[in-house]
Amino acid sequence: MKKQSEASKSIFMSSIIGLSNTLAIIITFIGAPPLYSKSVGWIQDFTIQHYGYGFESFTAFAWACICGFLVFFISRASISTALVMGGLAIATRFL
């Protein structure tokens, strides 16, 4: 009985991880470009003021990666937390 319970928890958690990753990819595809476009000018100006000219293209590429990672990991953490809490709320309601 204990192994069956652990197996169902493992299936639930792997499903949560898969769903969270899938939804986070979709949110990143939609959310990262607006974040990048609204902030890249400021980041490049900051780089020019503090590090000099010549780093603008590298800064733009690095900032694009950072924006993508930020949106992905924040959305994945939020979604997985919401799904786990929702699953626990449903489970405790029926128990």
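Details of the structure are given in the entry above.
What counts and what doesn't
- Residues numbered from 1 in each chain as written.
- Predicted model: local features only at pLDDT ≥ 70, side-chain atom pairs only at ≥ 80, totals over all residues.
- Heavy atoms only, no water.
- Helix = DSSP H or I, 4+ residues; strand = E, 2+ residues; numbered from the N terminus.
- Buried < 20%, exposed > 50% of the residue type's maximum accessible area, 1.4 Å probe, protein only.
- Contact = heavy atoms within 4.5 Å.
- Core = buried A, V, L, I, M, F, W, Y, C linked by side-chain atoms within 4.5 Å.
- Phe/Tyr/Trp six-rings, centres within 6.5 Å; stacked < 30°, edge-to-face > 60°.
- Patch = residues over 30% accessible without salt bridge, like charges linked within 9 Å, V, L, I, M, F, W, Y side chains within 5 Å.
- Areas by Shrake-Rupley, 256 points an atom, 1.4 Å probe, with all protein chains shown as cover.
- Salt bridge = Lys/Arg side-chain N within 4 Å of Asp/Glu carboxyl O.

Student: Any chance you could explain the side chain of Ser 39 here in plain terms?
Tutor: When you line up the elements, Ser 39 lands in helix 1 (residues 2-51). Accessibility expressed as a relative area gives 15% for Ser 39, which makes it buried. Non-local contacts of Ser 39, meaning those with residues more than four positions away in its chain, are made with Trp 63 and Cys 67.

Student: Would you mind showing me how to read the nonpolar core here?
Tutor: Soluble, globular proteins show a tendency: their nonpolar side chains are buried together. Counting 5 residues, the largest nonpolar core is built from Val 40, Ile 43, Ala 60, Trp 63 and Cys 67. At the level of elements, helix 1 and helix 2 (56-94) are the ones that each hand at least two residues to this core. Broken down by element, the residue count for this core peaks at 3 residues, all from helix 2. When sequence neighbours within four positions are dropped, the list of residues in contact with Cys 67 reads Ala 32, Leu 35, Tyr 36 and Ser 39.

Student: Before we go on, may I ask you to explain the packing of aromatic side chains in this structure?
Tutor: How two aromatic rings sit relative to each other is given by the distance of their centres and the angle of their planes. Counted under the stated rule, the structure contains 3 aromatic pairs. Centroid distance Trp 42 to Phe 46: 5.6 Å. Interplanar angle 25°. Geometry classified as stacked. Residue Trp 42 and its partner Phe 46 are both found in helix 1; the two are separated by 4 residues, about one turn of the helix. By relative accessible area, Trp 42 is classed as exposed at 58%. Looking at Phe 46, the relative accessible area reads 35%, which means it is partly exposed.

Student: Please clarify how a nonpolar patch on the surface should be interpreted in this entry.
Tutor: Taken together, the side chains of Leu 19, Leu 23, Ile 26, Ile 27, Phe 29 and Ile 30 make up a nonpolar region of the molecular surface, amounting to roughly 590 Å² of accessible area. Here Leu 23 lies in helix 1. With relative accessibility at 33%, the residue Leu 23 sits in the partly exposed group.

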